[in-house]
Amino acid sequence: MPVANSRRAIQNRQHIAITGLTALTALLFGLPVLLGLIGIILPASGYFPAFGQSSFSGDAASHFLATPGLGLATWLSLKTGLMASAISLAGCFVILAAFSGSRMMLRLRRLLGPLVAIPHSTIAVGLVFLLAPSGWLMRLVSPALTGLEQPPNWGLVPDPYGLVLILGLVAKELPFLLLLGLSAATSLPLARLLAIGAALGYGRFTSWVFLVLPLIYRQIRLPVIAVLVFSLSVVDMALLLAPSLPPPLAILVLNGFHDADLATRLPASFGAIWQIGLVLIALLLWWIGENLVGAIVRFCRWRGWRGQSTDPWLGFLSLFAILPMLIGVMGLVAALLWSFAKGWFFPAALPAGVSWLHWQDMASYLPLIINSGLLAISAAFLAVGVVFLWLYHGQHLIQRNRLLQAAIYLPLLVPQISFLFGLQIGLSWAGIDGSWPALIYIHMIFILPYIWLVLAPAFAQMDWRHDHVASSLGLSPFRRFLRVHLPLLAMPIGAALFIGFAVSIALYLPTVFVGGGRIATITVEAVSLAANGSRGPAGVAAMLQLLIPLICYAAIWLFLKYRFGRFADMQGGGLT
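Residues numbered from 1 in each chain as written. Predicted model: local features only at pLDDT ≥ 70, side-chain atom pairs only at ≥ 80, totals over all residues. Heavy atoms only, no water.

(A) Structural detail: the overall build of the protein chain. Secondary structure summary: the protein chain contains 24 helices and four strands in total. By residue count, 52% of the 576 residues in the protein chain fall in the buried class. Across the protein chain, every contact between residues at least 6 apart in sequence was considered, and the portion connecting residues at least 24 apart equals 80%. Carbon and sulfur atoms provide 69% of the accessible area of the protein chain, an area that totals close to 26500 Å². (Helix = DSSP H or I, 4+ residues; strand = E, 2+ residues; numbered from the N terminus. Buried < 20%, exposed > 50% of the residue type's maximum accessible area, 1.4 Å probe, protein only. Contact = heavy atoms within 4.5 Å. Areas by Shrake-Rupley, 256 points an atom, 1.4 Å probe, with all protein chains shown as cover.)

(B) Molecular detail of the pattern of salt bridges. Under the defined criterion, the tally for this structure stands at one salt bridge. Glu290 is the salt-bridge partner of Arg221, the closest N and O atoms lying 2.8 Å from each other. Pair noted here: Arg221 is in helix α9 (residues 204-232) and Glu290 is in helix α12 (residues 265-302), with a separation of 69 residues, a long-range link. Relative accessible area serves as the criterion here: at 33%, Arg221 is assigned to the partly exposed category. (Salt bridge = Lys/Arg side-chain N within 4 Å of Asp/Glu carboxyl O.)

(C) Fine view of unusual backbone geometry. The omega angle of the peptide bond from Leu245 to Pro246 is -10°, so this bond is cis rather than trans. Tracing the chain through its elements places Pro246 in the loop between α10 (236-241) and α11 (249-258).

(D) Seen up close, the packing of aromatic side chains. Applying the stated criterion across every chain, the model contains twelve aromatic pairs. Note on Phe257 and Phe513: the rings are 6.0 Å apart at their centroids and 90° apart in plane angle, and the pair reads as edge-to-face. Of the two residues, Phe257 is situated in helix α11 and Phe513 in helix α21 (residues 509-515); the sequence distance between them amounts to 256 residues. Looking at Phe257, the relative accessible area reads 2%, which means it is buried. On the basis of an interplanar angle of 70° and a centroid distance of 5.1 Å, the ring pair of Phe316 and Phe320 is categorised as edge-to-face. Highlighted residues: Phe316 and Phe320, both in helix α13 (residues 311-340), separated by four residues, approximately one helical turn. (Phe/Tyr/Trp six-rings, centres within 6.5 Å; stacked < 30°, edge-to-face > 60°.)

(E) Region of interest: the environment of Trp208. Its place among the elements puts Trp208 in helix α9. Exposure remark for Trp208: the relative accessible area of 0% places this residue in the buried category. In the structure, Trp208 is positioned 111 residues away from Ala97 in sequence and 6.1 Å away in space, judged by C-alpha atoms. Setting aside its immediate chain neighbours within four residues, Trp208 contacts Leu96, Ala97, Ser100, Leu190, Leu194, Leu213, Pro214 and Ile216.

(F) Expanded view of empty space enclosed by the protein. Here the structure, examined in full by the defined rule, presents four cavities of 30 Å³ or more. There is about 510 Å³ of room inside the largest cavity. Every residue lining the largest cavity is counted, 34 residues in all, and those nearest its centre are His120, Glu173, Phe230, Gln416 and Tyr450. Contributing elements (two or more residues each) for the lining of the largest cavity: α4 (103-117), α7 (163-186), α9, α15 (402-413), α17 (436-461), α20 (490-506) and α21. (1 Å grid on protein atoms, 1.4 Å probe; cavity = no way out; pocket = protein on both sides within 12 Å on 5 of 7 lines; lining within 4 Å. Points joined across faces, edges and corners; volume = space filled by probe spheres on them.)

(G) Representation of a nonpolar patch on the surface within the structure. Among the surface-exposed residues, Trp313, Phe316, Leu317, Phe320, Leu323 and Leu326 lie close enough to one another that they form a single nonpolar patch of about 630 Å² accessible area. Structurally, the position occupied by Leu323 is in helix α13. (Patch = residues over 30% accessible without salt bridge, like charges linked within 9 Å, V, L, I, M, F, W, Y side chains within 5 Å.)

(H) Region of the structure containing the side chain of His120. When you line up the elements, His120 lands in helix α5 (residues 120-131). His120 sits in the buried class, given a relative accessible area of 12%. When sequence neighbours within four positions are dropped, the list of residues in contact with His120 reads Lys172, Glu173, Phe230, Asp236, Met237 and Ala506.

(I) Molecular detail of helix α22 (residues 522-531). Along α22, the residues that are buried comprise Ile522, Thr523, Ala526, Val527, Leu529 and Ala530. Buried residues along α22 cover an arc of 165° about the axis, so they all sit on one side. (Arc of directions from axis to C-beta.)

(J) Highlighting α13. Look at α13: 45 Å from first C-alpha to last across 30 residues, which is about the 44 Å you get at 1.5 Å a residue. Of all the bends in α13, the greatest, near 35°, is centred on Leu323, and the proline Pro324 appears no more than four residues after it. (Expected span 1.5 Å × (residues − 1). Bend = angle between axes of the 7 residues up to and from the residue.)

(K) Representation of the side chain of Ser435 in the model. Along the chain, the position of Ser435 falls in the loop between α16 (420-430) and α17. One polar contact links the side chain of Ser435 to the main-chain carbonyl oxygen of Ile432, over a distance of 2.6 Å. (Polar contact = N/O pair within 3.5 Å; in protein donor to acceptor, adjacent residues only side chain to side chain.)

(L) Structural view of the layout of surface pockets. Considering only enclosed or pocket space, the second largest pocket measures out at about 990 Å³ in volume. Lining of the second largest pocket is provided by 30 residues; of these, Phe93, Glu290, Val293, Gly294 and Val297 occupy positions nearest its centre. Looking at the lining of the second largest pocket, the elements that each hand over two or more residues are α3 (70-99), α9 and α12. Per-element tally for the lining of the second largest pocket: the top contributor is α12, with 13 residues.

(M) Representation of the environment of Ile432 in the model. Tracing the backbone shows Ile432 in the loop between α16 and α17. Residue class for Ile432 comes out partly exposed when judged on its relative accessible area of 39%. Note: C-alpha distance between Ile432 and Val514 (82 residues apart in sequence) is 9.2 Å. The contacts of Ile432, once residues within four sequence positions are left out, are Leu427 and Ala438.

(N) Spatial organisation of the confidence of the model for the protein chain. The pLDDT averaged across the protein chain works out to 81; a share of 89% of its residues lies at or above 70. Confidence drops under pLDDT 50 across residues 570-574; counting only partners more than four residues distant or on other chains, this segment forms 14 contacts. (pLDDT = per-residue confidence, 0-100.)

(O) Representation of the packing of α3 against α13 within the structure. At a minimum axis separation of 9 Å, α3 and α13 run at an interaxial angle of 130°. By the angle between their axes, α3 is oblique relative to α13. Our pair here, α3 against α13, has a crossing hand that is left-handed. Residue-level contacts link Gly91, Val94, Ile95, Ala97, Ala98 and Phe99 of α3 to Leu314, Leu317, Ser318, Ala321, Ile322 and Met325 of α13. Of the residues in the contact of α3 with α13, the class split is ten nonpolar, two polar and no charged. (Axes fitted to C-alpha atoms, helices over the stretch in contact; angles between N-to-C directions. Parallel < 35°, antiparallel > 145°, perpendicular 65-115°, else oblique. Left-handed = near helix turned anticlockwise from the far one by under 90°. Nonpolar A, V, L, I, M, F, W, Y, C, P; charged D, E, K, R; others polar.)

Here is the structure:
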């Protein structure tokens, strides 16, 4: 009886702890989203006393539904979001199947950290410089292959079908999914699964499709859905790469929020709800696609298809999978060239001269750099601290609670355009819009899911026998934390800080809405300059936007190398 009572007491304490933790997490992440949705639903229903609308009506819905090109804008967003997410996921799986366990994968893995650090808008600026009618790509092939001495009247950016937007999204999201896939693969008995596949007569590609990839996808499914939601409602990339007549749905809604006529806020609020409906439709289609692919895989497995003839095609497909990342890197090189270009006339492949003219005005970017750095450092350290405390004191409780994990991802599972305007209204009512604490908090809740993805597997894989040995030697809990736990988790913590820093630098829409125009960052400036066609200054801003997280990456890596260089994890390479 005493043992049973003790177990029951432990279970009750665990239940109370997990209930309290779930409630706290729901409050931390759900409250901003809930306030934002309320601030959108009320204006969309016609109720907005600040504009003299004190009764509910359907006028906002009817006005928005009458927007010219709404159907095409909705279809464009749905098409580009689904295609970009599917291509990114397929490319991730092809690269994993082709290069896992090889030296190529080790080299590629070392590049993933810097690639993940590149903001979306920086990739978009680079693609504009690369694919514009007078861009670097056209200069490289002219006049030898095209015969053109003047820029053509047509261009690849923006294209009416949104293909360049898909390319930009794939170039940015593929490294992120690949990093998650590699992390998930390390938790699987990969060698044993592939050996079983070989023993059954499967080829390498078939072994991966039948045995490995379903297990990896199960672990990364929630982040994949977050990528899908983001692709459906992306703003900074769409401003530069998407067509404008009509634009994607998120841009259509954003234009309504930024219109000088304040009455357009009400139809735009209904547009934000329309965006949520679009996301729900896309998730339904994605679920149907999951089941369809799963049925095809099960049918092929049931028919005994071995697929050994597909292995020679695996390397060929992997080259196509890597191509979007290479194009993204070429775009960054083009942006770098433009930032130093002097007298670069078409069709010259390289600038006629090098000039520091655009960089001489770098002092004007200093406040933006300081704002971006302080915001990123504060939000990243705060998010890492919160996740570390959660995992350190309740790892097993969190890992088993799917509701709690879903609450952590909530800000990524709701389109940003669909709740940030309402949140801005709530913050304005509270008198804290445009304040540093509000903006740091919002950046933190967007950063924290990514940091969770890094730290949770590290905690799960940590060997707690080291802690038991240290405890038997008489070390107090605090000394064990400093002498044992921190060194063991140094690399994951460093990687989490770096990813949090990079994600914060890249946040565009949360900074625009919550910052209220009072806190400007280098990302907001880069998008504005590129949208206005200022190539030289936009190139400088894009390079600064890229250099800030890379400097952070180098600083963290050097510190960890100096402090923990003798540890086995540091002998193997970089942060990722």
